[in-house]
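This is what each chain is made of:
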Amino acid sequence: MRLRPESRPIDTNDFKEFGPFFPEAVLTEARIVRASMPNPGFYFLARLLGIEGVLEMSTIGAITLVDVIAYSERIDRSTLFHELVHVVQYRALGLRTFARLYVTGFLSGGGYAGIPLEHQAYELEERFRRNPKTGFSVENDVRERLQAGRL
Ligand SMILES: [Zn+2]
């Protein structure tokens, strides 16, 4: 992927807002980039598993590859939160395991809704949206679900 050169760090306000939820290293290292790409992320993951071309995804608003968050139109704070959950997941699982779980979940669970990694990201995003001032550790949540075999 050639996204990093045009990417930017998380801006100061978001950085402060997300402090009670994410490790500082995640907020420091994550990069955001606006890019008009149909589905590069998913194809990238699928290619890793040798199933390139099998999956045709509908348009999506944003996608995260390791620590680069790409979005097509605009990205609001909740979506950014969601994508940062994926960054934490990548860090906990490693790229190959993340890709395997993501694609397996997609194929076995009826699309995006069946991907446990997405379940978690949507659930925590919702929790943040309801109580943006009540911090919790996304990293701990990821670790707990991983240990419980729920990812
Ligand atoms: Zn997601």
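Everything numeric in this text was worked out from a predicted model, so none of it was measured.

Enquirer: So, the pairing of strand E4 (residues 68–71): which residues are in play, and what are the values?
Expert: Neither face of E4 is exposed, since Val68 and Ala70 on one face and Ile69 and Tyr71 on the opposite face are all buried. The sheet contact formed by strand E2 (residues 31–34) and E4 spans four bridges and is parallel. Within E4, the residue paired with Arg31 across the bridge is Val68. In terms of strand pairing, strand E3 (residues 62–65) meets E4 through four bridges, oriented antiparallel. Each residue of the ladder has a partner; that of Ile63, found in E4, is Ala70. In this antiparallel pair of consecutive strands, E3 and E4, the connection spans two residues, and Val66 shows a positive phi of 60°.

Enquirer: Describe the pattern of salt bridges, and please don't skip the residues or the numbers.
Expert: Within the structure shown, the criterion is met by ten salt bridges. Across the salt bridge formed by Arg77 and Asp14, the nearest N and O atoms sit 2.6 Å from each other. In this pair, Arg77 is assigned in helix H4 (residues 77–93) and Asp14 in helix H1 (residues 12–18), connecting sequence segments 63 residues apart. Judged by relative accessible area, Asp14 falls into the buried class, the value being 12%. Here Glu139 and Arg143 are joined by a salt bridge, their closest N and O atoms 3.9 Å apart. Of the two residues, Glu139 and Arg143 are both situated in helix H7 (residues 138–147); the distance of four residues between them amounts to about one turn of the helix.

Enquirer: How would you summarise the coordination of the zinc ion if you had to cite specific residues and measurements?
Expert: For the zinc ion, the full set of protein donor atoms is His82 (NE2), His86 (NE2), Glu118 (OE) and Glu118 (OE), and the range of their distances to it is 2.0 to 2.5 Å. Metal-centred angles of 56 to 151° between the four donor atoms at the zinc ion mark the site as irregular. All donors of the zinc ion belong to a single chain; written as a sequence motif, their spacing is H-x3-H-x31-E. Taken together, the positions of His82 and His86, both in helix H4 and four residues apart, correspond to about one turn of that helix. Comparing His82 with His86, the two get one shared label, buried.

Enquirer: I'd like a rundown of the packing of aromatic side chains, residues and numbers included.
Expert: Enumeration according to the criterion identifies eleven aromatic pairs in this entry. Aromatic side chains Tyr90 and Phe98 sit 3.8 Å apart centroid to centroid with 20° between the ring planes, which places their arrangement in the stacked category. The exposure class of Tyr90 is buried, given its relative accessible area of 4%. A network of ring pairs unites the aromatic residues Phe18, Phe21, Phe22, Phe81, Phe128 and Phe136 as a single cluster. The ring of Phe136 has Arg127 sitting right over it, with the charged end atom 3.8 Å from the ring centre.

Enquirer: For the packing of H4 against helix H5 (residues 95–108), give the residues involved together with the corresponding values.
Expert: The geometry of H4 relative to H5 is characterised by a closest axis approach of 6 Å and an angle of 115° between their N-to-C directions. The way H4 lies across H5 gives a crossing that is right-handed. Between H4 and H5, the residues in contact are His86, Gln89, Tyr90 and Leu93 and Leu95, Thr97, Phe98 and Leu101, respectively. When its residues are assigned to classes, the contact of H4 with H5 shows five nonpolar, three polar and no charged.

Rules of the game
- Residues numbered from 1 in each chain as written.
- Predicted model: local features only at pLDDT ≥ 70, side-chain atom pairs only at ≥ 80, totals over all residues.
- Heavy atoms only, no water.
- Buried < 20%, exposed > 50% of the residue type's maximum accessible area, 1.4 Å probe, protein only.
- Helix = DSSP H or I, 4+ residues; strand = E, 2+ residues; numbered from the N terminus.
- Pairing = 2+ DSSP bridges.
- Salt bridge = Lys/Arg side-chain N within 4 Å of Asp/Glu carboxyl O.
- Donors = N, O, S within 2.8 Å, 3.2 Å for Na, K, Ca; no water.
- Tetrahedral: all angles 85-135°; square planar, octahedral: opposite > 155°, others 65-115°.
- Phe/Tyr/Trp six-rings, centres within 6.5 Å; stacked < 30°, edge-to-face > 60°.
- Lys NZ or Arg CZ within 6 Å of the ring centre and 35° of its normal.
- Axes fitted to C-alpha atoms, helices over the stretch in contact; angles between N-to-C directions.
- Left-handed = near helix turned anticlockwise from the far one by under 90°.
- Contact = heavy atoms within 4.5 Å.
- Nonpolar A, V, L, I, M, F, W, Y, C, P; charged D, E, K, R; others polar.

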